[in-house]
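# Residue-level structure breakdown
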Amino acid sequence: GRGATILLMGTIHIGPIEGWEFSKALRDGLERADSFVLEVDLDQISEDAVGTLLSNLVVIPSGREIDDFVSPETAKLLAENDELLASMGLPENARRRLKPWYIAMILIESATQRSGLSSKAAAESVIRAARAARPVLALETFDEQLRMLDEIDPRLQDLMLRDTVGRLDNAVEEILALAEAWKNGNENFLEELTREGIDEMPEFERFYEIILGDRNRRWLATFRSLLDDPD
């Protein structure tokens, strides 16, 4: 009828330095699109705004330290990996005042850089380059994304950090495997990743529900409205 046609693409927020090369089907979709719907419109984010937001969210309030926010098991794991964490830009004096979720994010970014991939070469960068002057609708703001992480229950932040530190030895290999699976459309492997860590820590399932399930359900309303009335 008068509704829209939506080409739905699961992107990946990392890529090879030279950038991703999309298939002909995806290139054709980008060429004929009237508009784009992205998770976040990065063109609307300034470095100053990001810096201010991070400084307001990621630093632990004065008088408290990271050990006040994590379990003894996680604190012990951090201490045992002190040398490795320092080599990744997080010596003890730096991580002492940072919230658990942000330490985990820094470690993931560090592992990504060591893998030879880059967040600056994310799949979205190809889409942004192709959009020209066509309109973009964002499903979330960068502010909302960071606040979502910051508002995760402290127990889940603890599990998130413990899981990240516990897998540092294999982090580069896992990131490369993720990128390869996305490139080849290996849906079974990608689905396995959404359950990773749950067998060892069943409470971790709620983390994936927040990051994936809850967000996807919120986004449905936007897609339904586009299908019903693209204007």
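### Here's the deal with the overall build of the chain
Helices and strands together make up the secondary structure of the chain, namely 12 helices and 4 strands. Compactness check: the chain gives a C-alpha radius of gyration of 19 Å against a globular reference of 17 Å for 231 residues, within 12% of the reference. On the principal axes, the C-alpha backbone points of the chain span a range of 60 × 35 × 35 Å. Residues counted as buried form 39% of the 231 residues belonging to the chain. Of all intrachain contacts in the chain linking residues separated by at least 6 positions in sequence, the fraction that spans at least 24 positions is 80%. The centroid of the 26 positive side-chain charges in the chain is displaced by 3 Å from the centroid of its 45 negative side-chain charges.

### Some remarks on the pattern of salt bridges
This structure, assessed with the given rule, holds 20 salt bridges. The closest approach of N and O atoms between Glu92 and Arg96, which form a salt bridge, is 3.8 Å. Put simply, Glu209 and Arg217 hold a salt bridge, and the shortest N to O gap is 2.2 Å. It is possible to trace a salt-bridge network through shared partners that takes in Asp41, Asp43, Arg128 and Arg131.

### Observations concerning the environment of Met105
By the secondary structure assignment, Met105 is in helix α6 (residues 100–114). Along the sequence, Met105 and Arg162 sit 57 residues apart, while their C-alpha atoms lie 12 Å from each other. Among residues more than four places away in sequence, those in contact with Met105 are Leu149 and Met160.

### A short note on the nonpolar core
Residues Leu107, Leu161, Phe204 and Phe207 are the most contacted members of the largest nonpolar core, which totals 36 residues. Elements represented by at least two residues in this core include exactly α2 (47–57), α3 (72–80), α6, α8 (142–150), α9 (154–166) and α12 (205–228). Here this core gets 5 residues from one element, more than from any other, and that element is α9. Ranked by size, the runner-up nonpolar core spans 16 residues in total, among them Ala33, Phe36, Leu117 and Ala123.

### Re a nonpolar patch on the surface
On the surface, Ile6, Leu8 and Leu227 cluster together to form a nonpolar patch covering roughly 290 Å² of accessible area. Mapping Leu8 onto the fold places it in the segment before β1 (15–16).

### Quick notes on the packing of aromatic side chains
Aromatic rings in a pair are described by how distant their centres are and how their planes are angled relative to each other. Considering all chains together, one arrives at 5 aromatic pairs under this definition. Three or more aromatic residues joined by ring pairs form one cluster here, namely Phe204, Phe207 and Tyr208.

### Comments concerning the confidence of the model for the chain
Confidence in the prediction for the chain averages 90 pLDDT; 98% of positions are at 70 or higher. At the level of individual helices and strands, the chain shows its lowest average pLDDT in α2, which scores 87, and its highest in α3, which scores 95.

### Considering the side chain of Ser115
Relative to the elements of secondary structure, Ser115 occurs in the loop between α6 and β3 (117–118). Since its relative accessible area comes to 12%, Ser115 is described here as buried. The contact partners of Ser115, leaving out residues within four places of it in the chain, are Val172, Ile175 and Leu176.

The rules we used
- Residues numbered from 1 in each chain as written.
- Predicted model: local features only at pLDDT ≥ 70, side-chain atom pairs only at ≥ 80, totals over all residues.
- Heavy atoms only, no water.
- Helix = DSSP H or I, 4+ residues; strand = E, 2+ residues; numbered from the N terminus.
- Rg over C-alpha atoms; globule rule 2.2 N^0.38 Å.
- Buried < 20%, exposed > 50% of the residue type's maximum accessible area, 1.4 Å probe, protein only.
- Contact = heavy atoms within 4.5 Å.
- Lys, Arg positive; Asp, Glu negative; His and termini not counted.
- Charge placed at Lys NZ, Arg CZ, Asp CG, Glu CD.
- Salt bridge = Lys/Arg side-chain N within 4 Å of Asp/Glu carboxyl O.
- Core = buried A, V, L, I, M, F, W, Y, C linked by side-chain atoms within 4.5 Å.
- Patch = residues over 30% accessible without salt bridge, like charges linked within 9 Å, V, L, I, M, F, W, Y side chains within 5 Å.
- Areas by Shrake-Rupley, 256 points an atom, 1.4 Å probe, with all protein chains shown as cover.
- Phe/Tyr/Trp six-rings, centres within 6.5 Å; stacked < 30°, edge-to-face > 60°.
- pLDDT = per-residue confidence, 0-100.

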